[in-house]
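Residue-level structure breakdown
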Amino acid sequence: MLKIENINAFYGDLQALWGISFEVNEGELVALVGPNGAGKTTTLRVISGLLKPRAGNVRLDNRDLGKEDAHKIVELGISQVLEGGKVFTAMSVLENLELGAFVGRARKVRDETIKWVYHIFPRLEERKTQRAGTLSGGERQMLAIGRALMAKPKVLLLDEPSFGLAPILVEQMFEMITEINKQGVTVLLVEQNVRAALELTNRAYVIENGRIVGQGTGDDLLSFESIRSAYLGDCNA
Amino acid sequence: MLEALAQNLVYGILIGALYGLAAVGLSLVFGVTKFLNVSHGELLMLGGYASFWLFALWKVDPFISLPAAIIFLLVAGVVFYKLLFGRMVKLAEGDKIQNTLLVGFGLSLILQNLALQFWTADTRSITTAYSGAVFSFAGVRFPLVRVASLVIAFVLIVALQLFLRRTYTGKALRATVENWEAATLMGIDIQRVYLLSFVMGAALAGVAGALVAVGYSIEPAMGMSWTLKSLVVMVLGGLGSITGTFVGGIILGVTESATGFFLSLTYREVVGLVLFLLVLVFRPQGLFGVKEG
Ligand SMILES: Nc1ncnc2c1ncn2[C@@H]1O[C@H](COP(=O)(O)OP(=O)(O)OP(=O)(O)O)[C@@H](O)[C@H]1O
Ligand SMILES: [Mg+2]
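Residues numbered from 1 in each chain as written. Chains lettered and ligands numbered in written order. Predicted model: local features only at pLDDT ≥ 70, side-chain atom pairs only at ≥ 80, totals over all residues. Heavy atoms only, no water.

Turning our eyes to something else, we now look at the side chain of Thr42 of chain A. Residues and elements named next belong to chain A. Mapped onto the fold, Thr42 is located in helix α1 (residues 40–48). A relative accessible area of 7% means that Thr42 is categorised as buried. In this structure the side chain of Thr42 is engaged in a polar contact, spanning 3.0 Å, whose partner is the side chain of Tyr11. What Thr42 contacts, discounting residues up to four positions off in sequence, is Ala9, Tyr11, Ala16, Leu17 and Leu51. (Helix = DSSP H or I, 4+ residues; strand = E, 2+ residues; numbered from the N terminus. Buried < 20%, exposed > 50% of the residue type's maximum accessible area, 1.4 Å probe, protein only. Polar contact = N/O pair within 3.5 Å; in protein donor to acceptor, adjacent residues only side chain to side chain. Contact = heavy atoms within 4.5 Å.)

This part is about the site of ligand 1. All names here are of chain A. The local shell around ligand 1 holds 13 residues, among which Asn36, Lys40, Thr41, Thr42 and Glu83 are the closest. At a separation of 2.8 Å, an oxygen atom of ligand 1 approaches a polar backbone atom of Gly37. Notes on ligand 1: free accessible area 630 Å², of which the protein chains cover 61%. At three residues, α1 tops the list of elements feeding residues into the shell around ligand 1. (Near = heavy atom within 4 Å. Areas by Shrake-Rupley, 256 points an atom, 1.4 Å probe, with all protein chains shown as cover.)

A common way to state how big an interface is: give the accessible area lost once the parts meet. On the chain A side, the residues contacting the 17 residues of chain B number 24 residues. Buried surface at the junction of chain B and chain A, summed over both partners, amounts to about 2000 Å²; 63% is from carbon and sulfur atoms. Counting the surface chain B buries against chain A, the share from its top three residues, Tyr168, Leu185 and Met186 of chain B, is 40%. On inspection of chain B and its partner chain A, the count reaches three salt bridges. In this structure, the connection of chain B to chain A is made through eight residue pairs in polar contact (both at pLDDT 80 or more). At the level of secondary structure, the elements contributing two or more residues to the side of chain B that touches chain A comprise α6 (168–178) and α7 (180–184) of chain B. Considering only residue class, the side of chain B that touches chain A consists of eight nonpolar, three polar and six charged. (Buried area = accessible area lost by both parts, 1.4 Å probe. Salt bridge = Lys/Arg side-chain N within 4 Å of Asp/Glu carboxyl O. Nonpolar A, V, L, I, M, F, W, Y, C, P; charged D, E, K, R; others polar.)

Residue and element names in this part refer to chain A. Taking 1.5 Å of rise per residue, the 16 residues of helix α8 (residues 167–182) would be expected to cover 22 Å, and the 23 Å separating its terminal C-alpha atoms lies within 8% of that figure. Restricting attention to buried positions, one finds in α8 the residues Val170, Met173, Phe174, Met176, Ile177, Ile180 and Asn181. The buried residues of α8 all sit within an arc of 160° when viewed along its axis, so they share a single face. The outward face of α8, more than 90 degrees from its buried face, is lined by the exposed residues Ile168, Glu171, Glu175 and Lys182. After α8 finishes, the residue Gly184 shows a positive phi value of roughly 105°. (Expected span 1.5 Å × (residues − 1). Arc of directions from axis to C-beta.)

Let's shift gears to the sheet that holds strand β9 (residues 203–208) of chain A. Residue and element names in this part refer to chain A. If you trace the six strands from one edge of the open sheet to the other, you get β6-β7-β8-β3-β9-β10, paired in mixed fashion. Across the chains shown, the open sheet's two edge strands, defined by having one partner strand only, are β6 (78–81) and β10 (211–217). Neighbour-to-neighbour, the strand axes of the sheet open up by a mean angle of 15°, direction not taken into account. Of the strand pairs in this sheet, β6 and strand β7 (residues 155–159) are connected by four bridges, and their pairing is parallel. Paired with Ser79 across the two strands is Leu156, which belongs to β7. Contacts from helix α7 (residues 137–149) reach β6 and β7 within the one sheet, and its direction differs from that of β6 by about 170°. (Pairing = 2+ DSSP bridges. Axes fitted to C-alpha atoms, helices over the stretch in contact; angles between N-to-C directions.)

Attention now goes to the confidence of the model for chain B. When pLDDT is averaged across chain B, the result is 93; 99% of the residues are at 70 or more. Interface confidence in the predicted complex, given as ipTM, is 0.93; pTM for the same model is 0.92. (pLDDT = per-residue confidence, 0-100.)

This brings us to the sheet that holds strand β2 (residues 14–24) of chain A. All names here are of chain A. Spatial strand order, β2-β1-β4-β5: four strands in an open sheet with antiparallel pairing. Edge positions in the sheet fall to β2 and β5 (63–64), since each has one partner strand and no second. Of the strand pairs in this sheet, strand β1 (residues 2–11) and β2 are connected by seven bridges, and their pairing is antiparallel. In the strand pairing of β2, Ile7 is matched with Ile20. Lying over the sheet, α1 contacts β1, β2 and β4 (55–60), oriented at roughly 115° with respect to β1.

Quick look at the packing of helix α2 (residues 40–58) of chain B against helix α4 (residues 93–119) of chain B now. If you want to describe how two helices pack, look at the angle between their axes and the distance between the axes. Residues and elements named next belong to chain B. Relative orientation of the contacting elements α2 and α4 amounts to 25°, with a least axis distance of 10 Å. If you check the angle between α2 and α4, you find them roughly parallel. Crossing geometry of α2 relative to α4 is assigned as left-handed. Side by side, α2 and α4 meet where Glu42, Met45, Leu46, Tyr49 and Trp53 of the first sit next to Ser108, Leu111, Gln112, Ala115 and Trp119 of the second. Grouping the amino acids of the contact of α2 with α4 by side-chain chemistry returns seven nonpolar, two polar and one charged. (Parallel < 35°, antiparallel > 145°, perpendicular 65-115°, else oblique. Left-handed = near helix turned anticlockwise from the far one by under 90°.)

Let us look at the environment of Asn179 of chain B. Along the chain, Asn179 of chain B falls in the loop between α6 and α7. A residue is classified by how much of its surface remains accessible, and Asn179 of chain B, at 18% relative accessible area, is buried. Separated by 178 residues in the primary sequence, Asn179 of chain B and Met1 of chain B have C-alpha atoms spaced 51 Å apart. Look past the residues within four positions of Asn179 of chain B in its chain and what remains in contact with it is Lys86 and Phe88 of chain A.

With 132 residues, the main nonpolar core has Phe121, Ile145, Leu149 and Leu156 of chain A together with Phe80, Ile188 and Trp226 of chain B as its most contacted residues. Counting residues per element, this core draws most heavily on helix α8 (residues 190–215) of chain B, at 17 residues. When near neighbours in sequence (up to four residues on either side) are disregarded, Leu156 of chain A contacts Ser79, Val81, Ile145, Ala148, Leu149, Ile180, Val185, Thr186, Val187 and Leu188 of chain A. Membership of the second largest hydrophobic core comes to 28 residues, among which are Ile7, Ile47, Val58 and Ile78 of chain A. (Core = buried A, V, L, I, M, F, W, Y, C linked by side-chain atoms within 4.5 Å.)

For the rest of this paragraph, the subject is the coordination of the magnesium ion (ligand 2). Residues and elements named next belong to chain A. Within the protein, the atoms that donate to the magnesium ion (ligand 2) are Thr41 (OG1) and Glu83 (OE), at distances of 1.9 to 2.8 Å. Residue Thr41 is found in helix α1, and its partner Glu83 is found in the loop between β6 and α3 (93–100); the two are separated by 42 residues along the sequence. Exposure remark for Glu83: the relative accessible area of 37% places this residue in the partly exposed category. (Donors = N, O, S within 2.8 Å, 3.2 Å for Na, K, Ca; no water.)

Residues and elements named next belong to chain B. Two numbers describe how helix α5 (residues 144–166) lies on helix α10 (residues 242–262): the axes approach to 10 Å, and their chain directions differ by 165°. One element, α5, and the other, α10, form an angle in the roughly antiparallel class. The chirality of how α5 crosses α10 is right-handed. Packed against α5, whose contacting residues are Ala153, Phe154, Ile157, Leu160, Gln161 and Leu164, the element α10 presents Ile242, Thr243 and Phe246 at the interface. Of the residues that constitute the contact of α5 with α10, the class distribution is seven nonpolar, two polar and no charged.

Below you can see the structure in the form of C-alpha cells.
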C-alpha cells in the first residue's frame, strides 16, 4: 500500500537519508525503530510531504506522491502525527478534532468519525470543551492521534507516541494503537521504545545513520543480537 | 477642567478605535505569515485616497463607498502578495523576516512616492454635508462621523472574531497561527491561508484609511506613522488576541490624548513608543496576551 523507494533526503547540504526503501502493506502495523538522530522523523516527513526528497519515490497505492503538496497527501489518505503531538493549544479539544476533518472527504462524515474517535479515546469526550493547552501529556498525545484519525486516513504515521509518558500510560497507548490498527487503519509507528514496539508489530525496520540496517518480524528482531545489545540493554545476551 | 478632560478622553477613544482597526490587520498578517508588513500604513493610505477620490470625483458618500475601498484593497493585496510577499513565505524563518522587511520598505517608498506624484503632497479630507454634525452629552462633544467610524470598526472586529471562531476557514487560519506544520497535516493549504490573511489585513487597513479620510485627514506621507502606531498597538495588545489588539488601540489613543492634555502636544507622538518599550520590557506577551507554554 505504502512504498518507499531509494529515498535520499537533505536538510540544506546535510544528507539525512541515504537510499531508504521499505514497504507497508494494507492493514499492517509496522514499526520503524532506531536511535536518536537516525532519520526516523525525517522519513515520516518525506512520506507526508513536509520534506521533499532529492531522489527516490513515495507511492501510495501505486500513485507517486512526489509532486503532491503535503496538504494534498492528507487528502489522499496519509496522516502524520508529529513528534510531541503538536495539538492546537489555544483551541478546544472538539475544535482540534473538527480541524482534523478539514479535508472534504472527511468533513462529510465528521460527526460519525468523532463518535468513533471518542469510542477509542473516551477521555477526549470527557474533555471535549476543554482548551487543548490544559490537557496532560498523555491526553495531548491521544488528541493528536484522534485528530489525525478524523481525516479518515488509510495510513497513519505515528512519531514516538509514547515519548514522555509514564510506563503505565505507555502500555495503554500501545493498546490503543493496536486497537486502531485492528479497526482497519494501516499504521507506521516510529519508536525509540524498541522492545515495546517490536512486541507490538507485525514487522519492523531498523534505521541507523539514515540507512535501513535491518528488517524482519518483531520477534525476529527481538532475538537479533545486535539489536538486543544496541537497543534493549541486554549486553550479556 | 473636568469637561475638557472628558472631551479629551472621548477624542482619544475615537481615534484609538482606528488605531485598533489598523493594528488588527497588521497583527493578523503577522500572526499567520510571521512577517511584518511595514507597508501596512501605505495600504491604509491607499484606502484613504480611494475613498477620497470616489467622493471628490463622483460624490460617492464615504460610508457608502466603504465596500469599494475594501474591494480595491483586496485586489491590491492579491497583487502585492503574488508579486512580492508570496515569494518570500517559503524561505526559512530568519530569511523570511529579513526579506519581507526589505520588500515592505521598498513597497512603502514606492507607494508613497507614487501617491506624491499623482496626488501631490496636499493634505486632504472628505467634507460631506454631515461632516460638522456633533451631538453633545453632559457637555462633551461627539463628532458624528468619528462615532460612526468607531461603530464600524467595532462591528468589523466582532465580525472578524466570529469568522475566526466559527468558520472552518477561520479555524484553519488560527491553526496556522499556532503551528503551520500541524495545520498542513490537517490538509490545510497554508499558501492559501497566507494569501487570505494578507488580503484581509490589507482590507482592514483600507477601511481604516477610508475612515481616517472622513474623520481626520490623509496625505501621501501618512503611512509610516500608521505602521508604527499599528506596531505599537500590536505589541501592546498581545499577539493572537484580536479583541486585545483593538482595546490596545483605544489605550494608545487615550494615552496619546492624555499626554497632549497633561504634558504637551509635543510628547503626544512619542508616548506610543515609550509605551511600546515599557511593554516589551515588562510584559512582552502584551497586556492581554497569554504567556507561551
Ligand atoms: N531541521 C533540520 N535541519 C537540519 N538537520 C536536521 C533537521 N532535522 C533533523 N536534522 C538532522 O537529520 C538527522 C535525522 O534527524 P531525525 O529527526 O530524522 O532523527 P530521529 O530518528 O527522528 O531522531 P529522534 O529519535 O531524536 O527523534 C539528524 O542528524 C538531525 O540532526
Ligand atoms: Mg524524531
